[in-house]
Amino acid sequence: MGLLSEGNPLSWEETKKLADHVREHGINQFINLYHRLKDRQGDILKWGDEVEYIIVKFDDDKQVARVALNAKDLLAKLNEKELADPNGVKSLWRPEYGAYMIEGTPGKPFGGLMAHFNLVEANMRYRREEVTELLASDECVMSITNFPRLGAPNFTYPLHQPRPEDPTSSARSLYFPDEAIFPGHPRFKTLTRNIRMRRGEKVSIKLKVFKDVNTKLPVEGAPAGEPDVVLLDAMGFGMGCCCLQLTFQACNITEARRLYDQLAPLCPIMLALTAASPIYRGYLTESDCRWNVISSSVDCRTEEERGLAPLADQKFRIAKSRYDSIDSYLSPEGAKYNDVKLTYDETVYKRLIEGGIDHLLAQHIAHLFIRDTVSLFSEKVHQNDNEDTDHFENIQSTNWQTMRFKPPPPNSSIGWRVEFRPCEAQISDFENAAIVCFVVLLTRVILSYQLNFLTPISKVDENMQTAQKRDACRKEKFWFRKSSKSTEQRAAKAQLNGAANGTATGTATGTDTLINGSAKLNGHGNGLDHGMANGLNGKANGTHQQNGGDSDHTDTDDDENELFQLLSINEIFNGKPDVFPGLVPLIRSYLQSMEVDTDTHCTIEQYLRFIQKRAAGELMTTATWMREQVLNHPDYKRDSVVTERINYDLLKCIQSIQEGKHIEPALLGQGNHSKTKDFIPPALQKQLAKNGCCEEK
């Protein structure tokens, strides 16, 4: 959920008066941090996932399922291990927006060994078991993106009712009671209140209802003149959803900027593949994903900023919510694809340029800083800009975009990072692990093969909307970059090099060492073509250009017409002859140049097959499967309504799937049995220690 500062929250009026103070000092803090750390080099690959969960309480007698508002007490128990032994825990737990939500991450980041891919699913399973041990027998922890009846009558346990007329209520919602907001930290209710007050009205989230033969119009609560709209009116409808996120540490700032750019066009593609939320407030809708729901749920733009009234009190018209897809690329090769006019604060931009920040990064930060702070604590108002970064993070962490470019924290061993944020949470640990490992492998392939996925921002924006349509994974097409001859040549050369050498080839800073048959991934480009940029946008001799300077990375087909085509998800993942080889075949090609232990190879292969089948439409997305469960339920009246009984049966089925008691062929085929392990084998651990790598506890 971002920065969790401790202290006493200021009122909106107090916060509003300090907006320029936070902005000014936040920029100073970024400039100081940048100059301290811009030349930082040689950080190894580290990465980790974040899975968000919902706690569900079942009443088997009444056949009702509700969200259990016990996250605060649950977190107190889960955090006991971390408090006792911060460096020895296998998992870390943090609060999320909902009083029924928790977020789990690995106790330590995974690293640069192929064998680390075999730890992910086991760690996710451990997290789920760890929570389950603390739950009552009628409770269940679920990695579902959205509770289907969130906002429907009596959806919480204990029961609480909304208080839309209560002036002390943070949300003032017709459907979402304040008690469903996490009570253990003031940030969450403060954000809810301040976003509503800054906007000048409650947020308005509008979803088209799925029209079945008996669907009653207008939908209950539909706005005037919009009878087919399911209206959601609170931050909790978006921030109360769960997702699956990944963070990668890059070897330097240049690589981080390149990864940010190359992964951005893949965000809508992965959103479509992981679609998992077709039901809101107890109605089937025409949307399969949470993205626009969350975007609208924190949309604090005023009428002036939304273009509904002439500019008077505000500085800018702002095209998007503060939660949305990225608006500009950061690397030099991405600059020409910034085809959407970027709104940014000229004063902030000028200050950044004067402070030695290059144009692309300066306009990115100045764009983030058109937003006001919406949560400020009295203890954090006055800071030392040479040491603190809270004002910068205040704005940075409340720009929730598909990708996030993350500077190193001050006085930390952590390097430059990028966060990949679009994916929806999947039902099983197997699915979540498959998505995580796929995306991490893709980053290695991008850097090793010098792949270029850059797509005009306007087309990425279009893809984001397409991705959320009903059954987009099977039915829609997405703008995607054709592969270039140079890309194919690099991939072929890399494969030949790998076969000839028997190992992954040298990096810009050394050579990939093989540890007992398990290749290290810290190649950051693997030096597969020593005339190329080694994945670092630097020179082949290991020196690196910084601060957004020109890159050696080029695409020989850039001057050809029709660089971009509309491709299906199947074609993007599995390939289309003479257009694009496919993401999965590219990963398989990369893996052929790496030595991988047998168990890890088996696990990765299971994941890749699963992703291939889902992309091909042989397996359903979670969203499509959930729709089918509702449409085929004996109690369904073909009226778009997901009743309490249907909701109960759906969630009971999901519980059986995640516990491995029920095989669901439409979702997972005939079952998947990876070779995931809790630990790296002892022999590998010894070699890790010998090579100066951290052991995975």
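Please refer to the structure higher up on the page.
As the structure is a prediction and not an experimental result, all values here were calculated from the model.

Each value, and the rule that gives it
- Residues numbered from 1 in each chain as written.
- Predicted model: local features only at pLDDT ≥ 70, side-chain atom pairs only at ≥ 80, totals over all residues.
- Heavy atoms only, no water.
- Helix = DSSP H or I, 4+ residues; strand = E, 2+ residues; numbered from the N terminus.
- Buried < 20%, exposed > 50% of the residue type's maximum accessible area, 1.4 Å probe, protein only.
- Contact = heavy atoms within 4.5 Å.
- Areas by Shrake-Rupley, 256 points an atom, 1.4 Å probe, with all protein chains shown as cover.
- Salt bridge = Lys/Arg side-chain N within 4 Å of Asp/Glu carboxyl O.
- Polar contact = N/O pair within 3.5 Å; in protein donor to acceptor, adjacent residues only side chain to side chain.
- Phe/Tyr/Trp six-rings, centres within 6.5 Å; stacked < 30°, edge-to-face > 60°.
- Lys NZ or Arg CZ within 6 Å of the ring centre and 35° of its normal.
- Pairing = 2+ DSSP bridges.

**A short note on the overall build of the chain**
Looking only at helices and strands, one finds 23 helices and 19 strands in the chain. By the burial criterion, 63% of the 697 residues in the chain qualify as buried. Within the chain, counting contacts between residues at least 6 apart in sequence, those at least 24 apart form 76% of the total. Summing over all exposed atoms, the chain offers an accessible surface of approximately 25300 Å²; the carbon and sulfur share of this is 48%.

**Observations regarding the pattern of salt bridges**
Taken as a whole and assessed by the stated rule, the structure comprises 44 salt bridges. Asp-372 is the salt-bridge partner of Arg-23, the closest N and O atoms lying 2.4 Å from each other. Here Arg-23, found in helix α2 (residues 19-37), pairs with Asp-372, found in the loop between α11 (359-368) and α12 (390-396); they are 349 residues apart in sequence, far enough to count as distant. Like Arg-23, the residue Asp-372 is buried in the burial classification. Through salt bridges with shared partners, a single network forms among Asp-20, Arg-23, Arg-198, Glu-305 and Asp-372.

**What to know about the environment of Ser-277**
Relative to the helices and strands, Ser-277 is located in the loop between α8 (267-273) and β10 (279-280). The exposure class of Ser-277 is buried, given its relative accessible area of 2%. The sequence separation of Ser-277 and Phe-147 amounts to 130 residues, and the corresponding C-alpha distance is 8.5 Å. In terms of polar contacts, Ser-277 uses its side chain to reach the side chain of Tyr-280, at 3.0 Å. A distance of 3.0 Å separates a polar side-chain atom of Ser-277 from the backbone nitrogen of Arg-290.

**Observations regarding unusual backbone geometry**
Put simply, Tyr-157 and Pro-158 share a cis peptide bond, and its omega is -5°. Locating Pro-158 in the fold gives a position in the loop between β6 (156-157) and α5 (187-199). Residue Pro-218 is reached from Leu-217 by a cis peptide bond, and omega for that bond is 0°. Looking at the element boundaries, Pro-218 is found in the loop between β7 (205-208) and β8 (229-232). The phi torsion at Gln-63 lies on the positive side, around 55°, for a residue other than glycine. Even without being glycine, Gln-450 reaches a positive phi, approximately 55°. On the secondary structure map, Gln-450 appears in the loop between α13 (429-449) and α14 (457-467).

**As for the environment of Leu-591**
Within the secondary structure layout, Leu-591 lies in helix α18 (residues 583-592). Distance in space between the C-alpha atoms of Leu-591 and Ile-604 is 9.7 Å, their sequence separation being 13 residues. Leave out the neighbours within four places in its chain, and Leu-591 touches Met-114, Leu-441, Ile-604 and Leu-608.

**Structural notes on helix α20 (residues 622-631)**
Since there are 3.6 residues in each turn of an α-helix, residues three or four apart along the chain are aligned in direction. Burial of α20 is extensive: seven of the 10 residues sit out of reach of the surface. Of all the positions in α20, only Thr-622, Ala-623, Thr-624, Trp-625, Met-626, Arg-627 and Val-630 are classed as buried.

**Brief notes about the packing of aromatic side chains**
One pass over the full model with this rule turns up 25 aromatic pairs. An angle of 40° between the planes, with centres 5.0 Å apart, marks the rings of Tyr-344 and Tyr-349 as tilted. Relative accessible area serves as the criterion here: at 18%, Tyr-344 is assigned to the buried category. Ring geometry for Phe-369 against Phe-392: centres 6.2 Å apart, planes inclined by 15°, an arrangement best described as stacked. Of this pair, Phe-369 sits in the loop between α11 and α12 while Phe-392 is found in helix α12, placing the two residues 23 residues apart along the sequence. Judged by its relative accessible area of 0%, Phe-369 is buried. We classify Phe-392 as buried; its relative accessible area is 1%. Among the aromatic residues, those joined into a ring-pair cluster are Phe-30, Tyr-34, Phe-369 and Phe-392. For Lys-90, the ring lying beneath its charged end belongs to Tyr-126, and the centroid distance is 4.2 Å.

**Here we look at the environment of Gln-658**
Along the chain, Gln-658 turns up in helix α21 (residues 644-658). Overall, Gln-658 belongs to the buried group, its relative accessible area being 12%. For the pair Gln-658 and Arg-128, spaced 530 residues apart in sequence, the C-alpha separation works out to 9.6 Å. In this structure, Gln-658 is in contact with Arg-128, Cys-140, Val-141, Met-142, Ser-143 and Ile-427, ignoring residues within four places of it in sequence. At 3.0 Å, the side chain of Gln-658 forms a polar contact with the side chain of Arg-128.

**Observations regarding the pairing of strand β1 (residues 46-59)**
Most of β1 is tucked away: 12 of the 14 residues are buried. Here β1 runs beside strand β9 (residues 244-249); their pairing, made up of six bridges, is antiparallel. Opposite Trp-47, over in β9, you have Phe-248 as the bridge partner. Looking at chain direction, β1 and strand β4 (residues 101-106) are connected through four bridges and run antiparallel. Directly across from Tyr-53, in β4, lies its bridge partner Ile-102. In the sheet, β1 pairs with strand β5 (residues 139-142) via four bridges, with the strands oriented antiparallel. Residue pairing in the sheet places Ile-54 in a bridge with Met-142 of β5. Bridge count for β1 against strand β2 (residues 64-68) is four bridges, and the pairing is antiparallel. Paired with Phe-58 across the bridge in β2 is Ala-65. Taking the residues that link successive antiparallel strands as the turn, the β1-β2 hairpin has four residues, and the phi of Gln-63 there is positive, at about 55°.

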